Amino acid sequence: NGGRYVPVGYSSNDDQDIRVPISEYFNCGNDNERNSINLLLWKLQADFYGVNLYEWCGESTFEQSGYADRTREFSSYSIPVILSEYGCNLVLPRPFTEVAAIYGPQMSSVWSGGVVFEWSQEINSYGLVEINSQDGSVRKLQDFYNLKSQFEKIDARHSGARLEMDEYQTDNTEPSKCPNKSEVWNASTVLPPTPRREVCECMLSSLTCVASSKIHNNRELMDGQFGIVCGLVDCANISMDGSSGKYGKFSYCSPEDKLSYMFDVYYKAQKEVKEACEFKGAAKIIKPTKSNLTECENERSEVNLGNKKRSGVGSLVLERAGNKVAV
């Protein structure tokens, strides 16, 4: 019942145009409030960061491959960084000579290991094994044996790649500076509110005009209705914009719930005349179980820190590099 901490990270495809800003983005934020409200602050940064790195091909080297450059870039990173994918296949079978660097002194002080892509052979020829589609039997490919051979050469204790938990220490405790916007990077540092199903359910139960069953599993019809109703009334409360950092209070609800909300907004704006809740059969009138949205606003803002339970969003504002962040 107390729950458990589940680390959440991000894996990047190592696009050279946004390589630096995206790594900074997932590791930036104001760290000064960590001790006072540490239950919530870690939402500002990823718990770990991954890079899909395919620069080392064949019998390359640490310097020639670009691995040295990437390692230098993350040398002062304050959260764990891993190779979320590696294993260039421009040379087959793959010799996996990068393993010695990844788990050796050249990289192990910066990188927390990596994940080879991929287990089963597909049309892209990255597999370590081939799985028989008829009987499920597994045949190890040469890549498997080459990788196994490289792993067997690693002496984790003496290479520095292995570390006991009570031995862990780091000097890198400062988060990155949040990236400035540019032609290739346009993400706001203001984070969206954490989705809460209870809030959406509460909102829906307060509505009188809602989406009908005609909308269910019909995305084309739903999109068309959004176009109609948002041309009649302001849809700011269900909209989100990651560039400006503006998020409507119900922006994280399901598309159908958001459409119901907008139908109801229009219906009430039209003094609840029956014709205002038709939309050619896409909407219908029901009896709400809650008197108004005020109850939902209360649920949306409720935060109980005493028992480490948050039953709403948007009530606590943190600072992320000078920007307000709703949590």
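A short tour of the structure in this document, coming up. All of these numbers come straight from a predicted model, not from anything done at the bench. (Residues numbered from 1 in each chain as written. Predicted model: local features only at pLDDT ≥ 70, side-chain atom pairs only at ≥ 80, totals over all residues. Heavy atoms only, no water.)

Moving on, we come to the side chain of N146. With respect to the secondary-structure elements, N146 resides in helix α6 (residues 142-152). The exposure class of N146 is buried, given its relative accessible area of 17%. Within the structure, N146 has its side chain in polar contact with the backbone oxygen of R94 (distance 3.0 Å). (Helix = DSSP H or I, 4+ residues; strand = E, 2+ residues; numbered from the N terminus. Buried < 20%, exposed > 50% of the residue type's maximum accessible area, 1.4 Å probe, protein only. Polar contact = N/O pair within 3.5 Å; in protein donor to acceptor, adjacent residues only side chain to side chain.)

Here helix α9 (residues 219-229) crosses helix α10 (residues 255-269) at 35°, and the two axes come no closer than 10 Å. Classified by chirality, the crossing of α10 by α9 is left-handed. Residues R219, M222, Q225, F226 and V229 of α9 lie in contact with α10, whose contacting residues are P255, E256, K258, L259, M262, F263 and Y266. Of the residues in the contact of α9 with α10, the class split is 8 nonpolar, 1 polar and 3 charged. (Axes fitted to C-alpha atoms, helices over the stretch in contact; angles between N-to-C directions. Left-handed = near helix turned anticlockwise from the far one by under 90°. Contact = heavy atoms within 4.5 Å. Nonpolar A, V, L, I, M, F, W, Y, C, P; charged D, E, K, R; others polar.)

With that out of the way, let us pick up the packing of aromatic side chains. One pass over the full model with this rule turns up 18 aromatic pairs. Through pairs of rings, three or more aromatic residues link up here, namely Y10, Y25, F26, Y49, F74, Y77, W111 and W185. (Phe/Tyr/Trp six-rings, centres within 6.5 Å; stacked < 30°, edge-to-face > 60°.)

Turning next to the environment of W111. Residue placement: W111 occurs in strand β4 (residues 111-116). Residue W111 is classed as buried on the basis of its relative accessible area of 3%. Taking the C-alpha atoms as reference points, W111 and Y77, 34 residues apart in sequence, are found 9.9 Å from one another. Residues contacting W111, with those up to four places away along its chain left out, are V51, R70, T71, F74, V81, I82 and L83. Side chain to side chain, W111 and T71 meet in a polar contact 2.9 Å long.

Now for empty space enclosed by the protein. Within the structure shown, the criterion is met by 2 cavities of 30 Å³ or more. Roughly 40 Å³ of internal volume is contained in the largest cavity. As for the largest cavity, its lining consists of S12, D14, R19, Y49, V51 and F74. Looking at the lining of the largest cavity residue by residue, the classes come out as 3 nonpolar, 1 polar and 2 charged. If you go around the second largest cavity, the residues you meet are W56, G58, G87, C88, R94, P95, F96 and E98. Taken together, the residues of the lining of the second largest cavity sort by class into 4 nonpolar, 2 polar and 2 charged. (1 Å grid on protein atoms, 1.4 Å probe; cavity = no way out; pocket = protein on both sides within 12 Å on 5 of 7 lines; lining within 4 Å. Points joined across faces, edges and corners; volume = space filled by probe spheres on them.)

Right, let's talk about unusual backbone geometry for a bit. Residues apart from glycine generally show negative phi values, whereas peptide bonds are mostly found in trans. Residue P93 follows L92 across a cis peptide bond; omega there is -10°. Assignment of secondary structure puts P93 in the loop between β3 (81-86) and α5 (98-102). One non-glycine residue, E272, adopts positive backbone phi at about 60°. Along the chain, E272 falls in the loop between α10 and β10 (283-285). The phi dihedral of F279 is positive, around 50°, even though this residue is not glycine. Position of F279 relative to the elements: it lies in the loop between α10 and β10.

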